[in-house]
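Residues per chain, in single letters:
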Amino acid sequence: MPVSRNLLIGLVAVIAIVVIAALLLTMRPIGPAGEETVKIGLIAPLTGSLAEHGLDMKQAAILAVEEINSKGGILGKKIELVIEDTACKADLATAAVQKMITQDNVYAVVGEYCSTVTLAVQPALMESKKLLLVPVSVATKITEQGYKYTARSCANQWMQTTQHADFIAEHLKPRTAAMLGVNDDYGREGLKIWGDRVKEKGVRIVAEEYFDPGTTDFTPQLSKIKAADPDIIFVVANIRDAANILKQAHEIGLYKQFSMLGGVTSEEFLQLAGDDALGLVHVSYFEPTSKRPVAQEFVQKFVQKWNRMPAMYSAGVWDAFMTLKYAVESAGTWDVDKVADAIRKVRFEGAQGTIYYNEKGQAQTKVLLVQVQKVDGKLRRVILYPESDKEGVYIPPERLWGS
Amino acid sequence: MLGITGDLALRIAKYYALAFILLLPLPLAGDYVTHLAIMIMLYSITAASLDILVGYTGRLSLGHAAFYAIGAYTSTLLSMNLGVSPWVGILAGGMLASLFGLVLGIPSLKLRGPYLAISTLGFGVIVQLMLINLDWLTRGPLGIPGIPPLPGGPLDLRSKFSFYYVALMLTSVAVYTLHMISRSRIGKVLMSIREDEDAALSVGVNVPLFKVLAFIISTFFAGLSGGLYAHYIRYISPAMSALSESISILSMTIIGGFGTLTGPLMGAAMLTILQELLRPYLEYRYLIYGALIVIVMKFFPSGIYGFVQFLSRKVRG
Amino acid sequence: MILEAQGVIKRFGGLVAVDDVSFGVREREVFGIIGPNGAGKTTLFNVITGFYKPEKGRIIFQGVDITGKKPNEIARIGLTRTWQIVKPFLGMKVLDNVLVPIYVKRGILRGISEREAIERAEEILEFVGLSHRRDFLAETLPQGERKRLEIARALATEPKLLMLDEPAGGLTPTEMDEVMEVVRKVRESGVTVIVIEHNMRVVTGICERIMVLNFGKKIAEGTPEDVARNEEVIKAYLGERFHVGG
Amino acid sequence: MLEVRNVSAAYGTALVLKNINIRVGSNEIVSLIGANGAGKTTTLRVISGMLKPIGGEVMLEGRNIAGMEPFQIASLGLVHVPEGRGLFPEMTVMENLEMGAYLRKDKDGIRRDLEFVYSLFPVLKEREKQLAGTLSGGEQQMLAIAKGLMGAPKLLLLDEPSLGLSPVMVDRIFDAISQINRERGVPILIAEQNAYMALSASHRAYVIENGSTVMEGIGKELLGNDHVRRAYLGI
Amino acid sequence: MQPTLFIEQTILGLMMGGIYAAVGVGLTMIFGVMRLSNFAHGEFYMLGAFLTYALVMALGGDPYLLAPLSAIAVGLVGIALNKLVFLSLYKELREAKGAAAFFFQDLRFIMLTIGLSILLVDLALVVWGPIPIAIPSVFTSHIVRLPGGLSFSLARIMAFIVATISLIVLYTFLKITKTGKAIRATSQNPSAAALVGINTYRIYDVTMFISTSLAALSGSILGPIYNVYPTMGLDVVAKAFVVVITGGMGNLMGSILAGFLIGLAESWGGLFFGTEYRQVVAFLIMILVLWFRPRGILGGRS
């Protein structure tokens, strides 16, 4: 067979594939009277190594939408949730967002977990004038680029880390510190901000170690840290790694005060880490034990629906949806420019506390510092700071461990 | 030139022109389809470039995404730090990628089969770690947002609509060039190496030289498409060089049908679209995706291309 | 002398595959190398064409010492070999099989126009009688045609000395005759030929001089008639007591 | 014992065997002679199942074994010592011999056979613990045959037992082959290029040319046959 | 540098090495016998850990006691997959001709196992969910203290011991049993193995069983230490390949040696170059070894 005919067949096949797919993909599902609903997208890593956090986000989003709709929607319109998986990959995420923009014609997108993915989808959303409500990604840059349609409902890296560093320096008064972080954007930015901040306050950094995502054994790093003998060890990691780090540190006899960023706030973390978590100080922006009625209500509904305690990320997602609700209602219109302005003016009680935004669209939420202590024989997080939420006092870990 | 008669070049160009014209109205299907089409085209260049290495020269690479990332970073950094035009940047990205291709190609000359595959895998991981750790240059793991779009004169290449046509043109030219290379004297010499290295040596082929040349050509185009990607998405991060990316590029090449050059185009289209079609199934979709890969590879050793040929033979009787 | 081997030794572990072999090949002759299986003939080929490095000895081709040169360099200066188990480029067209060496010889980038190259390739295919297979994939050829393709591909390098490793092995008598005819024509065109062959009919039919190897050692050299009468050769090659029975 | 009827075989598209017909009676040594590439090795490969024939029948003790897997054929008592000797280079001589007896369960029988092969090739006993890959060519050939014998063959196929061996060694190998046949009553089919050795050691022989059996006869008679000398040896 | 740190790192490196070796050995065996580069190897490790968890939930008891059960179960899954997916391909491979055909066959195997890996990871995600699971064991919380401030958890020591014992058992199995010898024979010369009556397809099944159950055993003993989650296999498979390649594909002893070498190199490399380059160290060691010995330390099959 002449080769050029092969080529022809090949190219025809490619075109056929693309055209058929285009037809398939542009076919819109005929929903019940499209006028009545507004679509909101959620992008989250539902597969891949970060799927556990995607689950936190997905469950909160479903709950929030049910809550809003059960109370008659927003300005009389019901919300329809469109969920897409990104696996924390930029190319999958951009395609997902593009689909949301063009096919689903979403009004706003809530997401993502990974800052790298949020940054990747941001330009497309901004250019097509869709709101991007960031509930979890903490990279400071996301709200620093001056995008009008971006708002973040959780404390960013800078807020979390500086307040954490200040608390540590002022209350724990270490002379030396070691830092251990995941070798990605989260860990790098965290260590940089924290290290600079505590250095200003006279703390000497005696070790700075990194581990690659997917690492399961941290003993090489921990053993170096142990040799450096710091007063406090600052760690930036997600729950899986953090639990392993604590376990392995104690295993090699590294009993020091650990302190971490907000990646570890969930019930599953306490289950994974067990007693090794005792004494740990870390940042949180939401505690399910909070006495505030809104938080109580959120926790109660979440547990009722999903049979597990909400993680910190779930609260971020919930508040993102609530931000939208209050902003649209206060603007009195769905006009995106007006709603974007309204977001910067609303003030409401969310799961995390009183939520209001600055000009850049960054929520000025409270950052809590908690310590894992034993209350009635059970591990729980006790809020140490700020004064308004304080539940207990800092206990040096030596005293918690007994010996 | 290079053993391609004007006649052949013209005949193949005609098919590409036809495909080009047929694909012109696609953006009418909306931005989503346009975006996917653009991604398919970028992947097509990369997968086809990998085919030069895998399908034509018989050298397996599990680190091809590294060159894609090198192209993207080069072009981005040049245009953002030195104000170089992105068009020049993309070209420079291709060139730097092929320089790295040379760097990887020479030491891996002695290696075969899985030894080569895992070494290239290692190369990909090392590039990723360098992109993360050399943060003074690459701005570290958070990646680089705010990359300038391609300057298009009167056209605003931020819009998917106009970028589509630029991409279509560039992809046609790039894939056509790759096609010509595969049909050229170089392509035939590379194939002779794939078929039998000793026999190629015995008729005077400088096997090491051409193996390295295959790396250079292949990585040049991967770098180009990486640069295009950077100025299209306007955000890049070290994750571009991840093993999973290399594997998805390799999947396109192999499942599409390696050693055919048209196969990888089909692979890029099929796998990208499949990912989209399976979207509604959220967590469940990789069950189907993985199963389909297993089925295609078990029953169609020469990939989708082989399957299409099989079908067309059936149709013609 | 177009080719001279001087005291070539090649060892594999404890085995001496080629043991101090010296010989010379004259311009424009057909030189046969025979010997039982495992006598070291193919190893000697591999040493001459650069695939193995000899432990000792020198190979002189056209007055130039080519010992230790790379196989492709040796092929480029006009010394080309074929393979006992033929190695056609199976997944390529017959024409392309022959074009590759032409490109390599005449220059990939410049040197020969495509038209010329194809004409030349077609000439060679015509020469070995494979014109009718021009556009077939090599993997579709039967054994006899593969053998001739192998020769065609070697001829395309424009060799001054062609080394054929069992060109007639495994062929039918008709195919064998065709191959012998090709070898004769090659020689007439001015190319020197070295042949490894088992089949005595082929050897006596085309060779002017023969060298006999046994256990890596040269045991005889001369015209086919001389060699066939040589007691040691008969012993080594045909079985020790054969002449007694005959 | 063995009857090969009209067997044809091909490698891919290349037809290498055309209507081969061979018979081996019980207790016989039969040899296949012919030039390199004539199809001797392929014939043996087809018989032992390493290559599936495209036509014809291979009857072993009245049962058609064509198309069966090699290990199934081996379990019927057909042992093939292949081209390249079929040794396991990174295993010791002893282990190779054990592998030869892989299918056997009779420990006593195995021990007796081990003694027999050691008496046949005493050098193997000396090298018992040495890796097979480190043996000399002649020793490897002995090991290959010994390994074949350990399988208590009902029929033994030997491919080029003289390959690469010195004349002294060739003599010893062929003496051993005769001895095996005499003392054990094992029928043996040899593919051999060394015409004299093959013909003088065997009872009957077939001449194979271009994938077909062209002549058959008593070994010693063929030895004197001028036609064989001319046709096969070409002189 | 403090000597304690060095000693501690060395011991930790050796322990990691034992585990690398255990995971790598299965991978290298499959390649040695079937010429199969199994990119889904890590998923059997993952399945082992999850099954152990499921068994602990269902039957109660300590994961270290149930690990063998889970290993056997995963081994059976391995056999099933072998029969279902790969068997017909081995037969095709036997008839493949020419270097290019072999290469293409390799590609096909690689792609098949990649597809399998994607499938199995998602299967675990769907069945067990994405949240990491801790498997409680009495051994994890028990810490053994050594003089000089060194201490290790009993679980880790157990893991090292189990890994070492299983390697010794495997080695002995291959050295002295009939089946073990048949596996080695098949790996060294498949056609000769068939000629002595070895059912090579059954040997493939057995090898698959050993390889997958060894991976599952490693997963089961490490699960309680590192927790269990669907992508845990992906985290080990690249490292396992590095180990296997460094040791020489198909060479058992090579993999064991390389496992320890890479384990040590990572520990020491992290010490000298900074831990952010830890992964680079492993790859550099591999590249360095391949530079001088293109087929690994002890030389593997091509």
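Preceding this paragraph is the structure being described.
A.B. asks: Looking at this structure, how should I read unusual backbone geometry?
C.D. replies: Backbone geometry follows two general trends: most residues other than glycine have a negative phi, and most peptide bonds adopt the trans configuration. Going from Gly 111 of chain A to Glu 112 of chain A, the amide bond is cis rather than trans, its omega being 10 degrees. As for its placement among the helices and strands, Glu 112 of chain A is situated in the loop between strand S3 (108-110) and helix H4 (115-127). With an omega dihedral of 0 degrees, the bond running from Tyr 385 of chain A to Pro 386 of chain A counts as a cis peptide bond. Here Pro 386 of chain A is to be found in the loop between strand S14 (378-385) and helix H13 (397-401). Despite not being glycine, Glu 160 of chain D has its phi angle at roughly 50 degrees, a positive value. Classification of Glu 160 of chain D by relative accessible area gives buried; the value is 8%.

A.B. asks: Is there a simple way to explain the state of the cysteines in this structure?
C.D. replies: Here a disulfide denotes a covalent bond joining the sulfur atom of one cysteine to the sulfur atom of another. All names here are of chain A. For the coordinates displayed, the defined rule picks out one disulfide over all chains. Between the sulfur atoms of Cys 88 and its disulfide mate Cys 114 the distance is 2.0 Å. Because the torsion about its S-S bond is -125 degrees, the bridge between Cys 88 and Cys 114 counts as left-handed. Highlighted residues: Cys 88 in the loop between strand S2 (78-85) and helix H3 (90-104) and Cys 114 in the loop between S3 and H4, separated in sequence by 26 residues. Looking at the unpaired Cys 154, the closest cysteine sulfur is the one in Cys 114, lying at 13 Å.

A.B. asks: What exactly am I supposed to notice about the arrangement of the chains here?
C.D. replies: Taken together, the seven pairs of chains in contact show their highest number of contacts between chains A and B. The smallest C-alpha distance separating chain A from chain D is 19 Å, and no contact links them. For chain B and chain D, which are not in contact, the least C-alpha distance works out to 16 Å.

A.B. asks: For this particular structure, what's the right way to read the sheet that holds strand S8 (residues 188-192) of chain D?
C.D. replies: For sheets, the rule is that strands pair by backbone hydrogen bonds, running either parallel or antiparallel. Residue and element names in this part refer to chain D. Read across the open sheet, the six strands follow the order S6-S7-S8-S3-S9-S10; overall the sheet is mixed. The two strands at the open ends of the sheet, each matched to only one other strand, are strand S6 (78-81) and strand S10 (212-218). In this sheet, neighbouring strand axes are inclined to one another by 15 degrees on average, regardless of whether the strands run parallel or antiparallel. Here five bridges tie strand S3 (residues 29-33) to S8, and the two strands are oriented parallel to one another. The residue of S8 that forms the bridge with Ile 29 is Ile 188. Contacts between helix H7 (residues 167-184) and the sheet are confined to S3, strand S7 (155-159) and S8, with S8 contributing the most and set at about 160 degrees to the helix.

So, how was this worked out
- Residues numbered from 1 in each chain as written.
- Chains lettered and ligands numbered in written order.
- Predicted model: local features only at pLDDT ≥ 70, side-chain atom pairs only at ≥ 80, totals over all residues.
- Heavy atoms only, no water.
- Helix = DSSP H or I, 4+ residues; strand = E, 2+ residues; numbered from the N terminus.
- Buried < 20%, exposed > 50% of the residue type's maximum accessible area, 1.4 Å probe, protein only.
- Disulfide = S-S within 2.5 Å.
- Contact = heavy atoms within 4.5 Å.
- Pairing = 2+ DSSP bridges.
- Axes fitted to C-alpha atoms, helices over the stretch in contact; angles between N-to-C directions.

Bear in mind that shape data such as this cannot, by itself, settle questions of function.
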